Amino acid sequence: MKFTFGILFLALLLSFQSSAQSAKTVSIKIDLKHKAQRIDNFGAAGAWFSEGVAKYWPTENREKMAQWLFSKELDAAGNPKGIGLSAWRFNIGGGTAEQGDSSGIVDFRRRAEGFLNSDGSYDWTKQSGYLWFTKKAQYYGVENLIAFSNTPPVQFTENGLGYKTVKDFKSNLRADQYENYARFLTDVLTHFKKDNLAFDYISPVNEPQWDWYHPYGKGNQEGTPWKNEEIAKVNKVLDAALTKAGLATKILTTEAGQLDFLYGKTGHANRQTQAFFDQKSDLSLNGLSHLPKIIGGHSYFTDKGDSSRIAIREHVADTTKKYGVDFWQTEYSMLGAGYKEGKTGPIPAIDCALFLSKVIHDDLVYGNACAWQLWNSWEPGKADFDTRYYVIALSPSNKEFTDGTVTETKNLWALGHYSRFVRPGMSRIVVVRNDGLSKVERAQDLMVSAFANEKQVVLVAVNYSSEPRIMQPEGDFVKKKGSFSTYLTSADTAVNMQRTIIKRGNSTITVPARSMMTIVYDL
């Protein structure tokens, strides 16, 4: 038996050595003067389920969730306690929760409370669960707080609901309520500023391309379409309201439902970069004091197939550059089937995490995204398979959603490989490599992006292949004395941004198969 074990061990050792010896070595040349876009933030939203979790679930659960998302601290071994998000998205509810079942939204957890009462007064005790997490984000020092609205308050909508019951692609906001909607958003921002919770951005429109139609009683969530003409109008009215209120909050537009609506497509809300930032456009928003030259879009449904995904993002980059606009990717989860990449059956958590990492990489490297934000941070689901919608898995213990447990997923750390160390104000640095792989080939092999400021150089490597890859970073910063740190996430449940300190004399870095690694050099 001992003899058999010895042979098995020797075979495994030889196999590992052979794999390491055959691993590709890729030269990664980094010239810190060769800058691409500025990085503004990495963020996420806490919609729907935040209300019940923060109100009713055990305190230690929500404190742990907040630490996972917002903390920049390291544990005794130097491993991150959290992913240090630099943006947090707060959903201003439309008041469907107060309507109860008459809201027509089936899942009570997807109804959202509203601050506006039927008599026009405000109830600031509403949305306390959402606000608990938002205040925690502020406590941990999250740099950007973003308020967004999926629907105007139900008091202002055509059908008195938070979604559409006719498929006409017109906004559900009544034509005579634009100023009231802008005043409502401004009042919310003003109130929380006085409460020492100032929002940096306000987004009045979300995924305007979809019809948001459901027969009454079969609603899925709050939402409304908007035509480009309606988007221009609501932004202009909101800009005036913010100016009158003396607020510094900036407007974020348009939160397109797919990236290709930012430059093309057809319909009522297409070619949005051209529509709103071409000086010759009748709908131009250039010159509004509260609306920076930023356009937001969502990476949903444009992630299937490496070639297509890359081409769409390059088109976004070309178009936004032409009109002098910064692109923010403001929502993503694996809604479509692209993440499966032809696989059937349950998809392991590490595969979901690697795909998430690839989308982030492509949005940053090919789309030149200045910001990258996840959709929902947490939803009910498993932590080990099919983690397509969330970074923290919720396991409610009853149908009333008043108790449950929480579990981190590999997706959390996949996002963290970027968000924890790529800080606001850093620049993406163009990477030059010597392996001759095409962009599409890299998407199934080793992907590397680089970022820097005056204090650090950060590399994020995603090894999509089933074999180790050896990186050889090259640049003046590599030659400095001292050490650098690597942070590794693999399929191993215990390996989540696990830190290793390496002396600078080592010129190569091995990235294990099917893993993510962030490398941090201090300057």
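Residues numbered from 1 in each chain as written. Predicted model: local features only at pLDDT ≥ 70, side-chain atom pairs only at ≥ 80, totals over all residues. Heavy atoms only, no water.

Draft legend 1. A look at helix H9 (residues 306–322). The terminal C-alpha atoms of H9, which comprises 17 residues, lie 25 Å apart, in line with the 24 Å expected from a rise of 1.5 Å per residue. Residues of H9 that are buried include every one of Asp306, Arg309, Ile310, Ile312, Arg313, Val316, Ala317, Thr319 and Thr320, and no others. Once H9 finishes, glycine 324 follows within two positions and takes phi at roughly 65°, a positive value. (Helix = DSSP H or I, 4+ residues; strand = E, 2+ residues; numbered from the N terminus. Expected span 1.5 Å × (residues − 1). Buried < 20%, exposed > 50% of the residue type's maximum accessible area, 1.4 Å probe, protein only.)

Draft legend 2. Looking closely at unusual backbone geometry. Here the amide bond leading from threonine 253 into threonine 254 is cis, since omega sits at 0°, within 30 degrees of zero. Relative to the elements of secondary structure, threonine 254 occurs in strand S7 (residues 253–256). One non-glycine residue with positive phi stands out, namely tryptophan 212, at about 55°. Here tryptophan 212 lies in the loop between strand S5 (201–203) and helix H7 (228–245). Relative accessible area serves as the criterion here: at 11%, tryptophan 212 is assigned to the buried category.

Draft legend 3. Geometry of the pattern of salt bridges. On inspection of all chains with the given rule, the structure shows 26 salt bridges. Between lysine 55 and glutamate 113 there is a salt bridge, with its nearest N and O atoms 3.3 Å apart. In this pair, lysine 55 is assigned in helix H2 (residues 50–56) and glutamate 113 in the loop between helix H4 (96–99) and helix H5 (128–139), connecting sequence segments 58 residues apart. Glutamate 63 is the partner of lysine 136 in a salt bridge, and the nearest nitrogen-oxygen pair spans 3.1 Å. Within this pair, whereas lysine 136 is found in helix H5, its partner glutamate 63 is found in helix H3 (residues 59–70), the two being separated by 73 residues in sequence. The class for lysine 136 is buried, based on a relative accessible area of 16%. Among the ionic contacts, a cluster of salt bridges with common partners joins Asp306, Arg309, Glu341, Lys358 and Asp362. (Salt bridge = Lys/Arg side-chain N within 4 Å of Asp/Glu carboxyl O.)

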